[in-house]
Amino acid sequence: VQLQASGGGLVQAGGSLRLSCAASGSIFSIRDMGWYRQIPGKQRELVAFITSGGSTNYEDSVKGRFTISRDNAENTVYLQMNSLKPEDTAVYYCHANIVADNWVTNYYWGQGTLVTVSS
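**Considering the sheet that holds strand β7 (residues 66-71)**
Stage number 1. Strands sit in the order β1-β3-β8-β7 across an open sheet of four strands; the sheet is antiparallel. The two strands at the open ends of the sheet, each matched to only one other strand, are β1 (2-6) and β7. This sheet shows a mean twist of 15° between the axes of neighbouring strands, independent of strand direction.
Stage number 2. Pairing between β1 and strand β3 (residues 17-24): five bridges, direction antiparallel. If you follow Ala5 over to β3, its bridge partner there is Cys21.

**A short note on the side chain of Arg37**
Stage number 1. Looking at where Arg37 falls in the secondary structure, it is placed in strand β4 (residues 27-38).
Stage number 2. Accessibility expressed as a relative area gives 6% for Arg37, which makes it buried.
Stage number 3. Of note is the side chain of Arg37, whose polar atom sits 3.3 Å from the side chain of Ser61.
Stage number 4. Polar side-chain contacts of Arg37 include one of 3.0 Å to the side chain of Asp88.
Stage number 5. With near-sequence residues (within four places) excluded, Arg37 lies in contact with Gln43, Arg44, Glu45, Val47, Glu59, Ser61, Val62, Phe66, Asp88, Ala90, Val91 and Tyr92.

The rules behind the values
- Residues numbered from 1 in each chain as written.
- Predicted model: local features only at pLDDT ≥ 70, side-chain atom pairs only at ≥ 80, totals over all residues.
- Heavy atoms only, no water.
- Pairing = 2+ DSSP bridges.
- Helix = DSSP H or I, 4+ residues; strand = E, 2+ residues; numbered from the N terminus.
- Axes fitted to C-alpha atoms, helices over the stretch in contact; angles between N-to-C directions.
- Buried < 20%, exposed > 50% of the residue type's maximum accessible area, 1.4 Å probe, protein only.
- Polar contact = N/O pair within 3.5 Å; in protein donor to acceptor, adjacent residues only side chain to side chain.
- Contact = heavy atoms within 4.5 Å.

Here's what the structure looks like:
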């Protein structure tokens with residue numbers, strides 16, 4: 001099982017980006033999925049997560065600007081980021097709690113995708 005993230009890049013403040021993260025491999029089901037971010041020298045922080053039932057939760061600084069969603073048929077989670085600010089600059093990591101088809105449950109991380117917001 002692996003997670004492949006994409007969609008990062010350079011954008012001006014006020015702009016938008018959409019991150020995607022697709023899970024692949026011998027997957028039976030996916031429970032919670034989420035996005036974290038990390039600035040060099042700081043701890044990785046949770047940005048948003050979504051349950052298998054579609055309930056969502058957001059870090060306070062991104063509420064109203066970011067939207068997390070998932071496509072269960074495609075085993076993919078998205079993060080739509082609007083009204084981006086320079087302080088959103090970070091490496092973004094997707095994360096998922098996955099039940100493999102051998103019934104083993106693990107947490108997985110994507111490889112990280114860099115988002116840079118210029119002022």
